[in-house]
Amino acid sequence: MSNESNRRDAGRREFLKQSGLLTGGALLTTLPSFASSYGFNNSADDTIKVALIGCGGRGKGAALQALKSKQNVKIVAIADAFRDRLDDAYKTLNQNPELAKRVDIPEERKFVGFDAYQKAIPLADVVILATPPGFRPMMFEEAVKQNKHIFMEKPVATDAPGVRRVLAAAEEAKKKKLNVVVGLQRHYQPNYREMVKRIHDGALGDIIGGSVYWVSGGVWVNPRKPNQTEMEHQMRNWYYFNWLCGDHINEQHIHNIDVANWVKRGYPVSAQGTGGRQVRTGKEYGEIFDHHIVDYVYEDGTLINSQCRHYEGTFSKVDEAFLGTKGRVDSFGRQSILKDHKGGSIYTHNGKGDGDPYQIEHDELFAAIAKNEYKFWDAENGAKSTLTALMGRMATYSGKVVKWDEALNSNINLFPEKLAWDANPKLLPNADGFYPIAVPGKTVAV
């Protein structure tokens, strides 16, 4: 086990000793009588009030999953930078007549603009943070400051200064016993839970190698429209700008990279790799690469290969595979199998009847809140898996070997100096509308 794992496990044991009981592998801490002062659900009835911040597809999905939990959840506030996105989310939340009974958002609790989150957070017991990830650090900080339970989507930052802000706020959330779930939903997916538990129990021996993949055809594009300011264009097309997204190795492939960290029970000490823009080269794709191939090296020398790309019409794979001294797992699909080196089954997981992990993460979060239990502290791992993905981006953009501490301590801050529709982000296009692209060998790593 790595020193990082030892430190993390020791810290967790000390935390458990001080704050609760470890039962069945989960932290079950009944909140003290003064919990109401920390913003826990303390309504006269059992209503858990929720504010949705970020009204895109993932925000709408998360809000609906909160409403579908078995707890008495009510959406009481909604916020987004854009009014049309807010209106679309409000419409979606009211489409199901049964769920709509628990949507209580009058006009005065609909907030629009860069500061909308500051107005929505005070109105709720729980906040859902689903804006583009560049905004996550400041919004997570504010929610912790105001003593709220939190569901936040992955990744949790787009640069190292943002990661450090999240790690600091995560420590405060622990002190306040605020439940925090991060949308790395494989941690809540039954086949992953069962497979990883057996791997950790030694079914495959020591993990000595692996590969993780998100190779697919890519996602949506929102080309520039007439009369848009540069800020609005980048916000509308946020996936293709690093201050908002962090590149697809961060926004998307983090899921698979996080599984590698989970299986290894630690984080890599270095990364090196290659990447670029081979197919997706138009100006509408902003600054991000269309492929990244990264070797992550862990403290015990294990090398995990990471591949992600956005090429239409090519082989697709979103999965993970690991090699151990006693056996291997070639896929974490619904028919997941742990095999010995002769191909025999060590364990086979039949996913029939497994629940939806996107729903499970909300079911478990809101159940804990309803019982006044402190059970989830996902923010630290969310931040460190985010940094793992960003370390890969630093390596592919620069062509250099990037070490963990170098990545964590980087002072490259991508966030704009000012948030306003007439303000400019730091990255601007040239006269032909093309954005500067990282050049390996020339671009600074950290």
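Refer to the structure presented above.
Please read all numbers here as calculations on a predicted model, not as lab measurements.

### What to know about helix α6 (residues 136–145)
Burial runs high along α6: eight of the 10 residues are buried. When α6 is considered as a whole, its buried residues turn out to be Arg136, Pro137, Met138, Met139, Phe140, Glu142, Ala143 and Val144. In the stretch just after α6, Asn147 is the one whose phi turns positive, near 65°.

### With respect to the sheet that holds strand β7 (residues 149–152)
Strand order across the open sheet formed by six strands is β5-β4-β3-β6-β7-β8, with parallel pairing between neighbours. With partners counted over all chains shown, the strands left at the sheet margins are β5 (110–112) and β8 (180–182), one partner each. The average undirected angle you get between the axes of adjacent strands in this sheet is 15°. Relative to β5, strand β4 (residues 73–80) runs parallel, the two being bridged by three bridges. Bridge assignment links Asp80 to a residue of β5, and that residue is Val112. Relative to β7, helix α12 (residues 357–370) is tilted by about 175°, and along the sheet it contacts β3 (48–53), β4, β6 (126–129), β7 and β8.

### Description of the nonpolar core
Counting 95 residues, the largest nonpolar core has Ile53, Phe135, Phe140, Ile150, Met152, Met235 and Phe322 as its most contacted members. When residues in this core are grouped by element, the largest group, nine residues, is from helix α13 (residues 379–398). Look past the residues within four positions of Met235 in its chain and what remains in contact with it is Ala81, Phe82, Phe114, Phe135, Trp243, Leu244 and Trp421. Of all hydrophobic cores here, the second largest spans 30 residues; its members include Leu64, Ala66, Ile105 and Tyr188.

### Remarks on the packing of aromatic side chains
A complete count under the given rule lists 18 aromatic pairs for this structure. Seen in terms of ring centroids, Phe114 and Trp421 are 4.6 Å apart; in terms of plane orientation they differ by 40°. Their pairing is tilted. With Phe114 in the loop between β5 and α5 (116–120) and Trp421 in the segment after α14 (404–408), the pair connects residues that are 307 residues apart, well separated along the chain. Judged by its relative accessible area of 31%, Trp421 falls in the partly exposed class. In this structure an aromatic cluster arises from ring pairing among Trp220, Trp238, Tyr239, Tyr240 and Tyr285. One residue, Lys110, lies across the ring of Tyr90, its end atom 3.7 Å from the ring centre.

### Considering the packing of α6 against helix α7 (residues 160–176)
Each pair of packed helices can be summarised by the angle the axes make with each other and by the distance between the axes. At a closest axis distance of 9 Å, the pairing of α6 and α7 adopts a crossing angle of 15°. One finds that α6 runs roughly parallel with respect to α7. Pair α6 / α7 crosses with left-handed handedness. Within the contact between the two elements, α6 uses Pro137, Met138, Phe140, Glu141, Val144 and Lys145 and α7 uses Gly162, Arg165, Val166, Ala169, Ala170, Glu172, Ala173 and Lys176.

### Some remarks on the environment of Lys176
Within the secondary structure, Lys176 is located in helix α7. As a C-alpha pair, Lys176 and Lys148 span 28 residues in sequence and 9.5 Å in three-dimensional space. A polar atom in the side chain of Lys176 sits 3.0 Å from the backbone oxygen of Val144.

### Remarks on the sheet that holds strand β10 (residues 270–276)
In spatial order, the strands read β16-β15-β14-β13-β9-β12-β11-β10-β18; together these nine strands make up an open sheet with mixed pairing. Looking along the sheet, the strands with just one partner apiece sit at the ends: β16 (345–348) and β18 (402–403). Pairing geometry for strand β15 (residues 337–340) and β16, over three bridges, is antiparallel. Residue pairing across strands places Ile337 opposite Thr348, the latter belonging to β16. This element, helix α11 (residues 254–264), spans β9 (207–216), β11 (291–297), β12 (303–310) and β13 (317–324) of the sheet and lies at about 165° to β9. The strands touched by α13 are β10, β11 and β18; relative to β11, the strand with the most contacts, the crossing angle is about 115°.

### A word on the side chain of Thr386
Turning to its location among the elements, Thr386 is positioned in helix α13. Residue Thr386 is classed as buried on the basis of its relative accessible area, which comes to 0%. Once you skip the residues sitting within four places of it in the chain, Thr386 turns out to touch Pro155, Val156, Ala157, Val163, Asn250 and Ile254.

### Let's talk about helix α2 (residues 57–68)
Taking 1.5 Å per residue, 12 residues should reach 16 Å; α2 reaches 17 Å between its end C-alpha atoms and fits that length. With nine of its 12 residues buried, α2 lies for the most part within the structure. All of the buried residues in α2 are Gly59, Lys60, Gly61, Ala62, Ala63, Leu64, Gln65, Ala66 and Leu67.

### Focus: the side chain of Arg186
Along the chain, the position of Arg186 falls in the loop between β8 and α8 (190–200). Exposure remark for Arg186: the relative accessible area of 9% places this residue in the buried category. Those residues in contact with Arg186 that lie beyond four places of it in its chain are Tyr192, Trp214, His255, Asn256, Val259, Trp262, Val318 and Glu320.

### Here we look at unusual backbone geometry
Of the consecutive residues Lys154 and Pro155, the connecting peptide bond is found in the cis state with omega at -20°. In this fold, Pro155 is placed in the loop between β7 and α7. For Lys177, which is not a glycine, the phi torsion comes out positive at approximately 55°. Within the element layout of this structure, Lys177 appears in the loop between α7 and β8.

### Brief notes about the pairing of β3
With five of six residues buried, β3 lies mostly within the body of the structure. As judged from the six bridges shared by β3 and β4, these two strands associate in the parallel manner. Opposite Lys49, over in β4, you have Lys74 as the bridge partner. Handedness of the β3-α2-β4 crossover: right-handed. As judged from the four bridges shared by β3 and β6, these two strands associate in the parallel manner. Residue Val50 lies in a different strand from β6, and its bridge partner there is Val126.

Reading guide: rules and limits
- Residues numbered from 1 in each chain as written.
- Predicted model: local features only at pLDDT ≥ 70, side-chain atom pairs only at ≥ 80, totals over all residues.
- Heavy atoms only, no water.
- Buried < 20%, exposed > 50% of the residue type's maximum accessible area, 1.4 Å probe, protein only.
- Helix = DSSP H or I, 4+ residues; strand = E, 2+ residues; numbered from the N terminus.
- Pairing = 2+ DSSP bridges.
- Axes fitted to C-alpha atoms, helices over the stretch in contact; angles between N-to-C directions.
- Contact = heavy atoms within 4.5 Å.
- Core = buried A, V, L, I, M, F, W, Y, C linked by side-chain atoms within 4.5 Å.
- Phe/Tyr/Trp six-rings, centres within 6.5 Å; stacked < 30°, edge-to-face > 60°.
- Lys NZ or Arg CZ within 6 Å of the ring centre and 35° of its normal.
- Parallel < 35°, antiparallel > 145°, perpendicular 65-115°, else oblique.
- Left-handed = near helix turned anticlockwise from the far one by under 90°.
- Polar contact = N/O pair within 3.5 Å; in protein donor to acceptor, adjacent residues only side chain to side chain.
- Expected span 1.5 Å × (residues − 1).
- Right-handed = clockwise from strand over helix to strand, strands pointing away.

Keep in mind these values describe shape, not function.
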